[in-house]
Amino acid sequence: MNRLRYIGAVVVTALVLIFALQNLDAVPVDFLIWEVRASVALIALVPLLIGVGLGGVSAYMRGRARRRALTKEAADAADQPRVRDKDIEPPLPPG
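Residues numbered from 1 in each chain as written. Predicted model: local features only at pLDDT ≥ 70, side-chain atom pairs only at ≥ 80, totals over all residues. Heavy atoms only, no water.

Thoughts on the overall build of the protein
Put simply, the test is: The secondary structure listing takes helices from DSSP runs of H or I that are at least 4 residues long and strands from runs of E that are at least 2 residues long, numbered from the N terminus. Residue exposure (1.4 Å probe, protein chains only): buried if accessible area is under 20% of the type maximum, exposed if over 50%, otherwise partly exposed. The protein chains shown are the only cover counted for residues, whose accessible areas, like all others here, come from Shrake-Rupley with a 1.4 Å probe.
For the protein, the helix and strand inventory stands at two helices and two strands. Secondary structure of the protein in N-to-C order comes out as α-β-β-α. Relative to its full complement of 95 residues, the protein shows a buried share of 5%. When the accessible surface of the protein is summed, it comes to about 9000 Å², and 66% of that surface belongs to carbon and sulfur atoms.

A look at a nonpolar patch on the surface
As a reminder of what qualifies: For patches, a residue must show more than 30% relative accessible area and have no salt bridge; joins then use 9 Å for like charges and 5 Å for nonpolar side chains, namely Val, Leu, Ile, Met, Phe, Trp and Tyr. One speaks of a salt bridge when a side-chain nitrogen belonging to Lys or Arg is within 4 Å of a carboxyl oxygen belonging to Asp or Glu.
Judged by side-chain polarity, Tyr6, Ile7, Val10, Val11, Leu15 and Ile18 come together as a nonpolar surface patch covering roughly 590 Å² of accessible area. When you line up the elements, Leu15 lands in helix α1 (residues 2–22). On the basis of relative accessible area, Leu15 is assigned to the exposed category, the value being 54%.

Let's talk about unusual backbone geometry
Positive phi outside glycine occurs at Leu32, with the angle close to 50°. As for its placement among the helices and strands, Leu32 is situated in the loop between β1 (26–31) and β2 (34–39).

Description of the packing of aromatic side chains
Condition: We call Phe, Tyr and Trp rings a pair once their centres come within 6.5 Å, taking the six-membered ring for Trp, and we label the pair stacked below 30 degrees between planes, edge-to-face above 60, and tilted otherwise.
With the rule as written, the count across this model stands at one aromatic pair. Between the aromatic rings of Phe31 and Trp34, the centroid separation amounts to 6.2 Å while the plane-to-plane angle is 10°, which identifies the pairing as stacked. The same class applies to Phe31 as to Trp34, namely exposed.

That's the geometry; what it means functionally is another story.
Here it is in structure tokens:
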């Protein structure tokens, strides 16, 4: 799975670089009262990088919550008394 993820990341990175190199022309960008001239590549790459960053933060937080839950479950399990085979009574014979 990690290998497939690595290959996907390389392909996406290559496509983004090709897009950026082919779209260096500056265009006007109007937002509310502001007007800025920026390259098409920059206009596309900034939101992409913000999304990647937010996705990484989200994955980190989710993993952190999962680790805390597993740690709590392990601590709760350690507090429970252990049942040994000799502590269990054998079933009574029918009759």
